[in-house]
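Each chain is listed here by its residues.
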Amino acid sequence: AYIPMVPPKEFLQAPDGWTWHDRIVINDTCYIHGDPKSGRNAAWSWMNEHRMSTVIGHIHGHGGVQYSASPFRTTFAANAGCLIDPAAMAFRYGNKYANKATLGCVVVKNSTHAHFIPMETK
């Protein structure tokens, strides 16, 4: 059976003016979904490739911020973890993996400072 692809704006009932990007740079920080990289150092790898502070959200099993500095610049690699419901049927596949979902978000203060905020389900 054919299942039509619903655009994110329609599916989420997003307000007018919202847009979607594969990668976007705001205030000298790159925001990207993060795939096809994986593992604990995925955000670090993207930061090095972009040569700028980078935030990703693809890696469910890891979350946090790592920093790198040179005489010229400080950058960060941030993995926002995820905001899924691990008990939901759509995410039960994660039960077979050792690293469970790291629930959280990243707050970016500027291109040189970010904070990971861990969250938990109740």
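Residues numbered from 1 in each chain as written. Predicted model: local features only at pLDDT ≥ 70, side-chain atom pairs only at ≥ 80, totals over all residues. Heavy atoms only, no water.

### Here's the deal with the overall build of the protein
Here comes step 1: In terms of regular secondary structure, the protein is built from two helices and seven strands.
Here comes step 2: Reading the protein from its N terminus to its C terminus gives the helix and strand order α-β-β-α-β-β-β-β-β.
Here comes step 3: Dimensions of the protein along its principal axes, counting C-alpha atoms only, are 55 × 40 × 25 Å.
Here comes step 4: The buried share of the protein, reckoned over its 122 residues, is 27%.
Here comes step 5: For the protein, the share of sequence-separated contacts (at least 6 apart) that also reach a separation of at least 24 residues comes to 40%. (Helix = DSSP H or I, 4+ residues; strand = E, 2+ residues; numbered from the N terminus. Buried < 20%, exposed > 50% of the residue type's maximum accessible area, 1.4 Å probe, protein only. Contact = heavy atoms within 4.5 Å.)

### Digging into the side chain of K37
Here comes step 1: Structurally, K37 is set in the loop between strand 2 (29–32) and helix 2 (42–50).
Here comes step 2: Within the structure, K37 has its side chain in polar contact with the side chain of E49 (distance 2.6 Å).
Here comes step 3: In this structure, K37 is in contact with A42, S45, W46, E49, H58 and I59, ignoring residues within four places of it in sequence. (Polar contact = N/O pair within 3.5 Å; in protein donor to acceptor, adjacent residues only side chain to side chain.)

### Remarks on unusual backbone geometry
Here comes step 1: P36 follows D35 through a cis peptide bond whose omega is 15 degrees.
Here comes step 2: Relative to the helices and strands, P36 is located in the loop between strand 2 and helix 2.
Here comes step 3: Phi at Q13 takes a positive value of approximately 50 degrees, unusual for a residue other than glycine.
Here comes step 4: By the secondary structure assignment, Q13 is in the loop between helix 1 (8–12) and strand 1 (23–26).
Here comes step 5: The exposure class of Q13 is exposed, given its relative accessible area of 70%.
Here comes step 6: Located in the positive-phi region is D28, a residue other than glycine, with phi close to 65 degrees.
Here comes step 7: Assignment of secondary structure puts D28 in the loop between strand 1 and strand 2.

### With respect to the nonpolar core
Here comes step 1: One finds I32, A42, A43, W46, M47, I56, I59 and A77 forming the largest nonpolar core, which totals eight residues.
Here comes step 2: At four residues, helix 2 tops the list of elements feeding residues into this core.
Here comes step 3: Ignoring sequence-local partners within four residues, the contact set of A77 consists of A43, W44, M47, T54, G64, V65 and Q66.
Here comes step 4: One finds V55, F76, A80 and V106 within the second-largest nonpolar core, a separate group that totals six residues. (Core = buried A, V, L, I, M, F, W, Y, C linked by side-chain atoms within 4.5 Å.)

### Regarding helix 2
Here comes step 1: Those residues of helix 2 lying buried are A42, A43, W46, M47 and H50. Along the long axis of helix 2, the arc covered by the buried residues comes to 135 degrees, so they all point the same way.
Here comes step 2: Buried positions along helix 2 lie against strand 1, strand 2, strand 3 (53–56), strand 4 (64–69) and strand 5 (74–79).
Here comes step 3: At the exit of helix 2 stands R51, carrying a positive phi of roughly 60 degrees. (Arc of directions from axis to C-beta.)

### Comments concerning the packing of aromatic side chains
Here comes step 1: Scanning the entire structure with this criterion turns up three aromatic pairs.
Here comes step 2: Considering the side-chain rings of W18 and W20, the 6.3 Å spacing of their centres and the 50 degrees angle between planes classify their relative orientation as tilted.
Here comes step 3: A residue is classified by how much of its surface remains accessible, and W20, at 41% relative accessible area, is partly exposed.
Here comes step 4: With centroids separated by 6.5 Å and ring planes inclined at 85 degrees, the aromatic side chains of Y93 and Y97 adopt a geometry described as edge-to-face.
Here comes step 5: On the basis of relative accessible area, Y93 is assigned to the partly exposed category, the value being 44%.
Here comes step 6: The side chain of K37 reaches across the aromatic face of W46, ending 4.7 Å from its centre. (Phe/Tyr/Trp six-rings, centres within 6.5 Å; stacked < 30°, edge-to-face > 60°. Lys NZ or Arg CZ within 6 Å of the ring centre and 35° of its normal.)

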